[in-house]
Amino acid sequence: MELSALFKSVLEQDRAAIVLCDLQHTIVYMNPAATARYANRGGAALVGRSLLDCHGPASNAMIERVAAWFAADRSHNIIYTYRNEKENKDVYMVALRADDGTLIGYYEKHEYRAPETMALYDFGD
């Protein structure tokens, strides 16, 4: 099995929204959770558009600043950007790098802090 198919499957199955952007801030991929989460803003139609069109000037300035910080040093790979109390989650921007460490893009990572409500090993039988 091709490794890229495995990686795509990981992204597709994640319950948190994942939006991948290139260095020009173009949305290149949205997983199903992101498509659903951002349905009122266009959902899957956002792929190919600029992430900067989805934010205001202050947020865009921070996105640009984080991208520059990622580019400045290969050790700059994750930064905490937001706390959403309503959804009990922390949000991070994460650098995406090629095998040689070159910055190729970034994504936003959502980490939910609420306890899981799914039953342990619930096979539904």
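Structure shown above.
Residues numbered from 1 in each chain as written. Predicted model: local features only at pLDDT ≥ 70, side-chain atom pairs only at ≥ 80, totals over all residues. Heavy atoms only, no water.

1. Here's the deal with the overall build of the protein
Helix and strand counts for the protein come out as three helices and five strands. Walking the protein from its N terminus toward its C terminus, one meets helices and strands in the order α-β-β-α-α-β-β-β. Along the three orthogonal principal directions, the C-alpha set of the protein runs to about 50 × 40 × 30 Å. Expressed as a percentage of contacts within the protein between residues at least 6 apart in sequence, the contacts between residues at least 24 apart total 32%. In the structure as shown, the protein presents an accessible area of about 8400 Å², 57% of it carried by carbon and sulfur atoms. (Helix = DSSP H or I, 4+ residues; strand = E, 2+ residues; numbered from the N terminus. Contact = heavy atoms within 4.5 Å. Areas by Shrake-Rupley, 256 points an atom, 1.4 Å probe, with all protein chains shown as cover.)

2. Observations regarding the nonpolar core
Counting residues in each nonpolar core, the largest one holds 17 residues, and the members touching the most others are Val19, Ile27, Met30, Tyr38, Phe70 and Tyr106. When residues of this core are traced back to their parent elements, those giving at least two are β1 (19–22), β2 (27–30), α3 (57–72), β4 (89–97) and β5 (103–112). With sequence-adjacent residues up to four places away left out, valine 19 is seen in contact with Ile27, Tyr29, Met30, Ala34, Tyr38, Tyr106, Tyr107 and Glu108. The next biggest cluster of nonpolar side chains, apart from the first, holds six residues, and it includes Ile18, Leu20, Tyr92 and Val94. (Core = buried A, V, L, I, M, F, W, Y, C linked by side-chain atoms within 4.5 Å. Buried < 20%, exposed > 50% of the residue type's maximum accessible area, 1.4 Å probe, protein only.)

3. With respect to the layout of surface pockets
Approximately 710 Å³ is the volume found for the largest pocket. Around the largest pocket, the lining comprises 31 residues; the ones closest to its centre are His55, Ile63, Thr81, Val91 and Glu108. Looking at which element gives the most residues to the lining of the largest pocket, the answer is α3, with seven residues. Here the residues of the lining of the largest pocket sort into 21 nonpolar, five polar and five charged. In this structure, the second largest pocket encloses a volume near 480 Å³. As for the second largest pocket, its lining consists of 18 residues, of which Val10, Leu11, Ile18, Leu20 and Tyr107 are closest to the centre. Listing elements by their share of the lining of the second largest pocket, those giving two or more residues are α1 (3–13) and β5. Of the residues assigned to the lining of the second largest pocket, the class counts are eleven nonpolar, two polar and five charged. (1 Å grid on protein atoms, 1.4 Å probe; cavity = no way out; pocket = protein on both sides within 12 Å on 5 of 7 lines; lining within 4 Å. Points joined across faces, edges and corners; volume = space filled by probe spheres on them. Nonpolar A, V, L, I, M, F, W, Y, C, P; charged D, E, K, R; others polar.)

Fair warning: the whole summary comes from geometry, so function is off the table for now.
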